[in-house]
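Geometric and topological summary
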Amino acid sequence: MIRQAVGAIVVTKDAYVLVCKSWQNTKDGKERIEDEWDIVKGGVEDEDESLEAAVLRELYEETGSKAFILRDPFREKLTFAFPPEVKKRIGFETQETTVFLVEFTGDLEDLTPKDKEISKLKAVGSDQLMDYITHDETKQFFQKYILGG
């Protein structure tokens, strides 16, 4: 089964906002995982009226802010297969993520996750992105569409 998801590459004046995911929603509730630094990202829910509504909801849940300007989504989706142990816990084999470029217009100090999956947020410059991002697929997406190469 494929999980449909949305993601946001959040840019500020001179940095990108990353979230540290420490918990994962599973079929049995939230489970602690090893910290993963990633973009704002999450599954599209039945009550989401559109992909734009879904990404705005995820942005609010994971950052506590509504101070965002959505840009058009990237044409290519961020797609990956879950490792076997994760597949078993969450019930999905792969994920297709529609990624939006998003401008943050607020104050970084006001960002506070509302979602208990997220333990920290950090703004990092383009020179530090690859040192923080956990998942290779996300690194490749950044390299191709943001860092140019």
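Residues numbered from 1 in each chain as written. Predicted model: local features only at pLDDT ≥ 70, side-chain atom pairs only at ≥ 80, totals over all residues. Heavy atoms only, no water.

Details of the confidence of the model for the protein
Taken residue by residue, the protein gives an average pLDDT of 92. The fraction at 70 or more is 99%. Looking across the protein, the model is least confident in helix α2 (residues 84-90), with a mean pLDDT of 81, and most confident in helix α1 (residues 51-63), with 97. (pLDDT = per-residue confidence, 0-100. Helix = DSSP H or I, 4+ residues; strand = E, 2+ residues; numbered from the N terminus.)

Focus on the environment of G64
Structurally, G64 can be placed in the loop between α1 and β5 (68-73). In this structure the C-alpha to C-alpha distance between G64 and I118, which are 54 residues apart in sequence, comes to 11 Å. Setting aside its immediate chain neighbours within four residues, G64 contacts L59, T112, P113 and K114. (Contact = heavy atoms within 4.5 Å.)

Details of α1
Relative to the 18 Å expected for 13 residues at 1.5 Å per residue, α1 spans 18 Å between its end C-alpha atoms, a close match to the ideal helical length. Those residues of α1 not exposed but buried are A54, V55, R57, E58, L59, E62 and T63. Those residues of α1 that are buried lie in contact with β1 (2-11), β2 (16-26), β4 (40-43), β5, β7 (94-104) and β8 (118-124). Downstream of α1 by one or two residues, G64 has phi in the positive range, about 75 degrees. (Expected span 1.5 Å × (residues − 1). Buried < 20%, exposed > 50% of the residue type's maximum accessible area, 1.4 Å probe, protein only.)

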